[in-house]
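Secondary and tertiary structure notes
Given next are the chains, with one letter for each unit.
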Amino acid sequence: QVQLVESGGGLVQPGGSLRLSCVASGSIFSISVMGWYRQAPEKQRELVAVITSGGSTNYADSVKGRATISRDNTKNTVYLQMNSLKPEDTAVYYCKADLRRGVLDPVSQYWGQGTQVTVSS
């Protein structure tokens, strides 16, 4: 069994910052890509940022320059630092990991349960 658990969400004032964390645990052989996605009310889930095991990153245009994704491969953990937060960043933020549970297993996607981020004064 594999679990992804996010933390770090909450209420933040516009212009503020927060750091999200996501830990993957369980039977894991390797993790290739880890990422953050978000879903605002009545909108589709969208990519925020992703990072490969080698450290290559990709960001949505809406967060470029304001977000930094990083990971600790030794802890199966991915982080998202977001600065200069705007009300339009309000959403449930989900962590995703593409991983193998065993050396011969295919790569599968796993999602966390999500953490609410609300940007409001």
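Please refer to the structure placed before this passage.
Residues numbered from 1 in each chain as written. Predicted model: local features only at pLDDT ≥ 70, side-chain atom pairs only at ≥ 80, totals over all residues. Heavy atoms only, no water.

**Considering the pairing of strand 8 (residues 77-82)**
Stated precisely, the cut-off is as follows: Relative accessibility decides the category of a residue: with a 1.4 Å probe and only protein chains considered, values under 20% of the type maximum give buried, values over 50% give exposed, and everything between is partly exposed. Secondary structure elements follow DSSP: runs of H or I no shorter than four residues count as helices, runs of E no shorter than two count as strands, and numbering proceeds from the N terminus. Two strands qualify as a pair provided DSSP detects at least 2 bridges between them.
Among the six residues that make up strand 8, five are buried, leaving the element largely enclosed by the rest of the structure. Bridge analysis of strand 3 (residues 18-26) against strand 8 gives six bridges, and the strand direction is antiparallel. The partner of Val23 across the bridge, within strand 8, is Thr77. Sheet topology note: the strand 7 (residues 67-72)/strand 8 ladder contains six bridges and is antiparallel. Residue pairing across strands places Asp72 opposite Thr77, the latter belonging to strand 8. Between strand 7 and strand 8, which pair antiparallel in sequence order, lie four residues; one of them, Asn76, sits at a positive phi of approximately 50 degrees.

**Details of the nonpolar core**
Short version of the rule: Only buried residues count toward a nonpolar core. Its members are Ala, Val, Leu, Ile, Met, Phe, Trp, Tyr and Cys residues joined through side-chain atoms within 4.5 Å. By definition, residues are in contact when any of their heavy atoms lie within 4.5 Å.
Core analysis: the largest hydrophobic core is formed by 30 residues, its most contacted members being Trp36, Ile69, Val78, Leu80, Met82 and Tyr93. Mapped by element, the contributors of at least two residues to this core are strand 1 (2-7), strand 3, strand 4 (30-39), strand 5 (46-52), strand 7, strand 8, strand 9 (91-100) and strand 11 (115-119). Here this core gets five residues from one element, more than from any other, and that element is strand 9. Beyond its immediate stretch of four places on either side in the chain, Leu80 contacts Leu18, Arg19, Leu20, Trp36, Val48, Ala49, Ala67, Thr68, Ile69 and Tyr93.

**A look at the pattern of salt bridges**
Applied cut-off: The salt bridge definition used is simple: a Lys or Arg side-chain nitrogen within 4 Å of an Asp or Glu carboxyl oxygen.
Across all of its chains, the model carries five salt bridges by this definition. Arg38 is paired through a salt bridge with Glu46; the nearest N and O atoms lie 2.7 Å apart. Residue Glu46 is classed as partly exposed on the basis of its relative accessible area of 37%. Linked through salt bridges whose partners overlap, the residues forming this network are Arg38, Glu46, Arg66 and Asp89.

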